[in-house]
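Per-entry structural report
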Amino acid sequence: MTFLTRLDDGSLKEGAAPTFALSQRGRAGLEILGAIQTFSSGTLRPMAAANFEENPQGRMLGEDHASPTPAFSERERIAKARTVCEGDAIYRLERFFQRYVAEENFNRGIPAIEERRAEFLAYDAAMAQGSDETPEAGSLTLAEDLAIPAWFAPIEWHLEPGGWDGYDLYGALFAFGVGPYVFRKGGYAAVGIGDDIVGQRLKTIRQFPKDSYARIYEPGCGGVSTLKAVHSVFPEAELHGADLSPLLLKNGARMAARFGFPVHLKQADCATDTGEADASFDGVITYALHHELPPKANRALFAELFRIMKPGADIVISDPPPFRAVSMFHAVILDWDTLHREEPFFSPVLHESLDAMLEEAGFEAVESYAIGQDQYPWITRARKPESTAVEAQA
Amino acid sequence: MNTSKTDTGPDYLGPESITDVARMVMALMSEVWIQRDRQIVTEYLLETQGAVTRQEIDDFVPTGDLAERIAAERQRFANLVAGAPIAATQRSVSQILERAGMDVPAARATGT
Ligand SMILES: C[S@@+](CC[C@H](N)C(=O)[O-])C[C@H]1O[C@@H](n2cnc3c(N)ncnc32)[C@H](O)[C@@H]1O
């Protein structure tokens with residue numbers, strides 16, 4: 001699932017003359033993808049859902065899915081429900097459009113930004129001059145010798161050619177093309193039709209239970225869209241983020257400087273070693289991260305986050321909902337991303353419980369709930385105990 | 001190649017190519033829309049400034065009312081093309097008017 005990275009270009013607001021924009025062809029070619037996705041998710045998908053409910057086998061599976069003592073395992077149920085769905089021409093058409101738009105975001109988007117490369121670089125340089133991109137404001141630490149995990153390296157996430165770092169203008173492509181023209185309308189992966197992904201981030205940050213935090217950490221921070229939201233809710237907090245992708249981190253550092261909030265960014269494999277000190281953070285936020293890691297790496301990640309959090313510190317997580325929390329039909333829709341939108345760990349993670357993983361890692365007061373349509377965003381939050389058992393004995 | 005004979009000659013593509021054909025239709029749909037958008041932009045620039053260069057059309061970004069008008073036209077276009085398969089069965093007056101992006105008059109809607 002892509003949540004990347006639309007740090008809004010304020011100049012694209014209504015009535016204002018943009019300072020950088022795609023050509024007419026580039027813009028219209030992406031805008032029509034947004035319209036196809038809106039029709040697919042907004043019109044065809046509810047029809048497919050109704051067809052599923054009307055199908056006797058579909059209804060039976062839906063009841064089994066909701067039952068506290070289901071006859072079939074979750075994997076069996078989803079496989080059977082998928083077969084029911086695939087028997088419906090409307091479902092197949094809807095999924096075809098989803099796949100088509102996901103491919104074309106890049107097939108159309110890359111040429112659209114490439115033809116404006118010179119203009120973008122000039123715009124970018126002008127923006128840099130006008131802002132205070134000095135290192136005092138924040139920091140960026142890249143680790144050239146970092147071992148990229150074997151499960152991560154070969155994946156072209158969300159059909160993005162070459163992966164997160166596959167093309168130097170991906171940041172611009174999302175900020176000025178796919179972000180405003182396709183993703184802004186919602187209706188892909190777990191994001192509901194019409195959902196506003198900027199608003200969803202803010203709503204997520206407001207799930208932190210305390211009024212103020214001194215130091216907040218985000219593993220998998222990408223291009224800092226979420227840290228920007230954190231800054232607007234907790235302007236006093238010192239912000240730290242880490243990611244595997246150097247391209248996203250470089251873009252993130254530039255954006256943070258431009259938007260005038262200091263962040264400290266580090267290239268790291270957060271599931272192995274964040275490079276942060278023991279008990280050094282008051283809060284941790286993760287956004288759209290766990291479904292991109294194999295379950296085993298998630299367990300290691302939670303242990304590492306537990307280590308760097310202070311006693312009493314809070315963790316707030318937003319990720320797609322587990323299969324158990326959504327309808328049978330919606331489980332098929334979410335499961336589809338695993339194979340069809342290059343998300344190899346989507347289903348393995350959605351079969352699991354982040355709640356259980358957090359408890360295993362030692363967290364307490366673990367709870368999870370939805371704050372939007374179709375159970376998305378799905379919030380999981382927890383606290384590191386004031387005193388751990390080991391310390392209590394000592 | 002599946003050369004089974006049909007009334008119109010050999011079946012070159014075969015039924016398994018239906019998705020490829022749909023991709024071709026979608027690519028054409030996008031190309032047609034890009035032209036349609038360009039036409040709206042060109043008409044707008046001609047109306048508002050009397051003459052227009054190719055560069056001005058390339059660089060123009062619609063805002064405000066014009067952007068809204070184009071967005072409505074674009075959604076209607078997408079609904080009609082991508083929704084063509086369901087138009088075979090979803091044929092009540094209100095469904096037809098909705099697909100066309102038009103208001104459904106109360107008198108009509110009750111008759112459906
Ligand atoms: C879907 S993006 C979300 C980015 C960001 N949290 C946001 O809200 O925009 C997931 C990010 O997690 C990063 N990531 C995945 N596994 C990681 C790991 N083991 N350590 C650090 N970052 C990781 C990816 O590089 C990617 O940038």
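Read on for an overview of the structure. (Residues numbered from 1 in each chain as written. Chains lettered and ligands numbered in written order. Predicted model: local features only at pLDDT ≥ 70, side-chain atom pairs only at ≥ 80, totals over all residues. Heavy atoms only, no water.)

Things to note about the overall build of chain B
As a reminder, the rule being used: Under the DSSP-based scheme used, a helix requires at least four consecutive residues in state H or I and a strand at least two consecutive residues in state E, with every element numbered from the N terminus. Burial classes follow relative accessibility: with a 1.4 Å probe on protein chains only, a residue under 20% of its type's maximum area counts as buried, one over 50% as exposed, and anything between as partly exposed. Note on contacts: a residue pair is in contact if any heavy atoms of the two residues lie within 4.5 Å. Per-residue and other accessible areas follow the Shrake-Rupley method at a 1.4 Å probe size, with only the shown protein chains counted as cover for residues.
Helix and strand content of chain B: 6 helices and 2 strands. With 112 residues in all, chain B has 29% of them scored as buried. At a minimum sequence separation of 6, the contacts of chain B that also span at least 24 residues come to 29%. Counting every atom, chain B has about 7300 Å² of accessible surface; 55% of that belongs to carbon and sulfur.

Brief notes about the site of the ligand
All names here are of chain A. Selection rule: Throughout this document, a residue counts as near a molecule or strand when at least one of its heavy atoms sits within 4 Å of that molecule or strand. Polar contacts, as used here, are pairs of N or O atoms within 3.5 Å; protein pairs need one atom able to donate a hydrogen and one able to accept it. Residues neighboring in sequence count only if both atoms are side-chain atoms. For this scheme, ten residues count as nonpolar: Ala, Val, Leu, Ile, Met, Phe, Trp, Tyr, Cys and Pro. Four count as charged, namely Asp, Glu, Lys and Arg, and the remainder, Gly too, count as polar.
Of all residues adjacent to the ligand, which total 22 residues, the nearest are Glu218, Gly220, Thr226, Asp243 and Asp269. Side-chain polar atom of Asp269 to a nitrogen atom of the ligand: 2.9 Å apart, as the coordinates give it. Between a nitrogen atom of the ligand and a main-chain N or O atom of Cys270, the distance comes to 3.0 Å. The protein chains hide 100% of the 600 Å² of surface that the ligand would expose on its own. Each residue belonging to the shell around the ligand can be placed in one class, and the counts come to 14 nonpolar, 3 polar and 5 charged.

Some remarks on the packing of helix 1 (residues 24–54) of chain A against helix 3 (residues 64–82) of chain B
Heads up, the condition is: Note on definitions: angles span 0 to 180 degrees between N-to-C directions of axes, and those axes are lines fitted to C-alpha atoms, for helices only across the stretch in contact. Roughly parallel refers to an angle under 35 degrees, roughly antiparallel to one over 145, roughly perpendicular to one between 65 and 115, and oblique to any angle outside these ranges. By definition, turning the near helix anticlockwise from the far helix through less than a right angle yields a left-handed crossing, and turning it clockwise yields a right-handed one.
Look at helix 1 of chain A against helix 3 of chain B: their axes get within 9 Å of each other, and the N-to-C directions meet at 60°. Compared by their axis directions, helix 1 of chain A and helix 3 of chain B come out oblique. Where helix 1 of chain A crosses over helix 3 of chain B, the two elements pack in a sense that is right-handed. Residues A:Glu31, A:Ile32, A:Ala35, A:Ile36, A:Thr38 and A:Phe39 of helix 1 of chain A lie in contact with helix 3 of chain B, whose contacting residues are B:Arg74, B:Gln75, B:Phe77, B:Ala78, B:Asn79 and B:Ala82. Here the contact of helix 1 of chain A with helix 3 of chain B is composed, by residue class, of 7 nonpolar, 3 polar and 2 charged.

Comments concerning the interface of chain A and chain B
Just so we agree on the cut-off: Buried area, as used here, totals the accessible surface that two parts lose on assembly, with accessibility defined by a 1.4 Å probe and the loss added over both. Salt-bridge detection follows one rule: a side-chain nitrogen of Lys or Arg within 4 Å of a carboxyl oxygen of Asp or Glu.
Counting residues at the interface gives 30 residues for chain A and 32 residues for chain B. A combined buried area of about 2600 Å² lies between chain A and chain B, and 62% of that area is made up of carbon and sulfur atoms. Area buried by chain A at its contact with chain B is led by A:Gln24, A:Ile32 and A:Phe39, which between them contribute 24% of it. Between chain A and chain B we count 6 salt bridges in total. Going through the elements one at a time, helix 1 and helix 4 (89–107) of chain A are the ones with two or more residues in the side of chain A that touches chain B. Sort the elements by how many residues they give to the side of chain A that touches chain B and helix 1 of chain A lands first, with 14 residues. Residues that form the side of chain A that touches chain B fall into these classes: 16 nonpolar, 6 polar and 8 charged.

These values are about where atoms sit, not about what they do.
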